[in-house]
Amino acid sequence: MKIIPNYSPNFDSKERSLEKINFIILHYTGMKNEKKAITKLVDTNSKVSCHYFIKNNGEILRMVPDSYIAWHAGVSNWKKNKSLNKNSIGIEINNPGHEFKYKRFSKKQINSLFKLTKYLIKKYNIAS
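Note that this is a predicted model, so its numbers are computed, not measured.

A.B. asks: I'd like a description of the side chain of Asn95, backed by residues and values.
C.D. replies: Residue position: Asn95 is located in the loop between β7 (88-93) and α2 (107-124). Note on Asn95: relative accessible area 2%, which makes it buried. Asn95 has contacts with Tyr28, Thr29, Gly30, Met31, Tyr102, Lys103, Arg104 and Phe105, leaving out every residue within four places of it along the chain.

A.B. asks: Let's hear about the packing of aromatic side chains: which residues, and what values?
C.D. replies: A complete count under the given rule lists three aromatic pairs for this structure. The interplanar angle of 90° and the centroid separation of 6.1 Å between the aromatic rings of Tyr102 and Phe105 together place this pair among those described as edge-to-face. Through successive ring pairs, a cluster of aromatic residues spans Tyr28, Tyr102 and Phe105.

A.B. asks: Account for the nonpolar core, naming residues and giving values.
C.D. replies: Ranked by size, the top nonpolar core spans 12 residues in total: Ile21, Tyr52, Ile54, Ile60, Ile89, Ile91, Ile93, Leu113, Leu116, Leu120, Tyr124 and Ile126. Breaking this core down by element, the ones donating at least two residues are β3 (52-54), β7 and α2. Here this core takes four residues from α2, the largest share from any one element. Not counting chain neighbours up to four residues away, the residues in contact with Tyr124 comprise Leu18, Ile21, Asp66 and Ile89.

A.B. asks: So, the environment of Glu99: which residues are in play, and what are the values?
C.D. replies: With respect to the helices, strands and loops of the structure, Glu99 is situated in the loop between β7 and α2. When its relative accessible area of 67% is taken as the criterion, Glu99 is described as exposed. When the C-alpha positions of Glu99 and Ile60 are compared, they lie 24 Å apart, and in sequence the two are 39 residues distant.

A.B. asks: Now, about the sheet that holds strand β2 (residues 23-28): what can you tell me, with residues and values included?
C.D. replies: Sheet architecture is open: five strands sit in the order β1-β4-β3-β7-β2, paired in mixed fashion. Looking along the sheet, the strands with just one partner apiece sit at the ends: β1 (3-5) and β2. Averaged over all pairs of adjacent strands, the angle between strand axes in this sheet comes to 25°, irrespective of strand direction. Here β3 runs beside β7; their pairing, made up of three bridges, is parallel. If you follow Phe53 over to β7, its bridge partner there is Glu92. Lying on the sheet, helix α1 (residues 34-42) is in contact with β3, β4 (60-62) and β7; it crosses β3 at an angle near 175°. With respect to the sheet, α2 is in contact with β1, β2, β3, β4 and β7, its orientation differing from that of β7 by roughly 175°.

What counts and what doesn't
Residues numbered from 1 in each chain as written. Predicted model: local features only at pLDDT ≥ 70, side-chain atom pairs only at ≥ 80, totals over all residues. Heavy atoms only, no water. Helix = DSSP H or I, 4+ residues; strand = E, 2+ residues; numbered from the N terminus. Buried < 20%, exposed > 50% of the residue type's maximum accessible area, 1.4 Å probe, protein only. Contact = heavy atoms within 4.5 Å. Phe/Tyr/Trp six-rings, centres within 6.5 Å; stacked < 30°, edge-to-face > 60°. Core = buried A, V, L, I, M, F, W, Y, C linked by side-chain atoms within 4.5 Å. Pairing = 2+ DSSP bridges. Axes fitted to C-alpha atoms, helices over the stretch in contact; angles between N-to-C directions.

Rendered as C-alpha cells:
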C-alpha cells in the first residue's frame, strides 16, 4: 500500500501515545471537488484536518502523522470517550456529499479504504 505525503499544518503539536488510538473515524468530504477538499484540509484558516485522505482514484494521502492529533471529529464523544480526536485516526474519503450531488464511492476508493483500515486495525490493535 502506497501512502503519499501531503501534510496539513492543522494538528496538535504535542505527540500522543500511539496506545491511545482506539478508533478509526470515516468521513466523506462533502465538497464540490477533490482539489477544494484537499485545499481546505491544508488551509490553516480552516482548522480541520485528517490523518488520511482517499482520492477518487484510490490514492491515499497522509495529511497528519498518526502520532499527532488531527482535527476531524470536532466536539465528539462515544460511550465514555470524549473528544474523539485524541483517540482516533481520521480518514476522509473524497465525495461531494448530498449537498453537491452525492456519488457512489469508486471501487478504487473502497479497495484503498479496506487496505488502510485493515492495516491500522492491526497496527493499533483496534477492537472490532
